[in-house]
Amino acid sequence: MAEAFHTTRRIEFADTDMAGIVHFANFFRFMESAEVEFLRTKGLSVSLPWEGQKIGFPRVSASCDYLRPARFEDVLDVAVRIQSIGKKSVTYAFEFAKGGETVARGQVTSVCCRVISDQQFEAIEIPMSIRAKLEQSNR
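Caption draft 1: Structural view of the overall build of the protein chain. Helix and strand content of the protein chain: two helices and nine strands. Listed by position from the N terminus, the elements making up the protein chain come as β-α-β-β-β-β-β-β-β-β-α. A compact globule built from 139 residues should have a C-alpha radius of gyration of about 14 Å, and the protein chain, at 16 Å, falls within 12% of that. Once the C-alpha set of the protein chain is aligned to its principal axes, its extents read approximately 50 × 35 × 20 Å. Burial analysis of the protein chain (139 residues in total) assigns 39% to the buried set. Considering only contacts in the protein chain between residues 6 or more positions apart, those separated by 24 or more positions represent 63%. Carbon and sulfur atoms form 50% of the exposed surface of the protein chain, whose accessible area is close to 8000 Å². Of the side chains in the protein chain, 18 bear a positive and 18 a negative charge, and the two mean positions are spaced by 4 Å.

Written out as structure tokens, the structure is:
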């Protein structure tokens, strides 16, 4: 299995709901933040120039399973792994833990796209230079 990238996330008051636990939708923000941080360590981003054009990795699927509550001031360990790399897509697996206990697990799939205009995207194969950096993480 691929080595995980780890980061932390401190739960802020604004992340919580009236019950005092993290609102479920915030885990999707946390996953995006961890993904961007992971890509930054590889010299990549979800939006970057490539051969004179702009490419991006918009999300096409996202899910999250919640196992335990997280609360204000908790510090979560966020593990990011590349679950799979396809011709045009990459799927990330996320695990959120508090004190060694899993709080939530999520998954995000992004597709490599050429940005044609501000409103249009065209799916393309992941360029070899980018694929090589992603695959380094999957060994």
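Caption draft 2: Just helix α1 (residues 26-41), in detail. Compared with the 22 Å implied by 1.5 Å per residue over 16 residues, the 23 Å span of α1 between its first and last C-alpha is a close match. Inspection of α1 places Asn26, Phe27, Phe30, Met31, Ala34, Glu35, Phe38 and Leu39 among the buried residues, and these make up the whole buried set. Residues of α1 that are buried sit in contact with β1 (5-10), β4 (59-66), β5 (75-85), β6 (89-98), β7 (101-111) and α2 (128-136). Looking one or two residues beyond α1, the residue adopting positive phi is Gly43, at roughly 75 degrees.

Caption draft 3: Highlighting the sheet that holds strand β3 (residues 53-56). Strand order in the open sheet formed by four strands is β2-β3-β8-β9, with antiparallel pairing between adjacent strands. Sheet topology places β2 (47-50) and β9 (121-123) at the edges, where each strand pairs with a single neighbour. Strand-to-strand twist of the sheet, defined as the mean angle between neighbouring strand axes without regard to direction, takes the value 35 degrees. Relative to β9, strand β8 (residues 113-115) runs antiparallel, the two being bridged by three bridges. Directly across from Arg114, in β9, lies its bridge partner Glu122.

Caption draft 4: Examining the nonpolar core more closely. Phe27, Tyr92, Phe94, Phe96, Ile130 and Leu134 are the most contacted members of the largest nonpolar core, which totals 32 residues. For this core, the secondary-structure elements that each account for two or more residues are α1, β5, β6, β7 and α2. With six residues, the top contributor of residues to this core is α1. Contacts of Phe27, omitting those with residues within four sequence positions, involve Val22, Cys64, Tyr66, Leu76, Phe96, Val103 and Ala104.

Caption draft 5: Geometry of α2. Taken together, the buried positions of α2 are Ile130, Arg131 and Leu134. When α2 is viewed along its axis, its buried side chains cluster within an angular range of 100 degrees and face the same direction.

Analysis parameters
Residues numbered from 1 in each chain as written. Predicted model: local features only at pLDDT ≥ 70, side-chain atom pairs only at ≥ 80, totals over all residues. Heavy atoms only, no water. Helix = DSSP H or I, 4+ residues; strand = E, 2+ residues; numbered from the N terminus. Rg over C-alpha atoms; globule rule 2.2 N^0.38 Å. Buried < 20%, exposed > 50% of the residue type's maximum accessible area, 1.4 Å probe, protein only. Contact = heavy atoms within 4.5 Å. Areas by Shrake-Rupley, 256 points an atom, 1.4 Å probe, with all protein chains shown as cover. Lys, Arg positive; Asp, Glu negative; His and termini not counted. Charge placed at Lys NZ, Arg CZ, Asp CG, Glu CD. Expected span 1.5 Å × (residues − 1). Pairing = 2+ DSSP bridges. Axes fitted to C-alpha atoms, helices over the stretch in contact; angles between N-to-C directions. Core = buried A, V, L, I, M, F, W, Y, C linked by side-chain atoms within 4.5 Å. Arc of directions from axis to C-beta.

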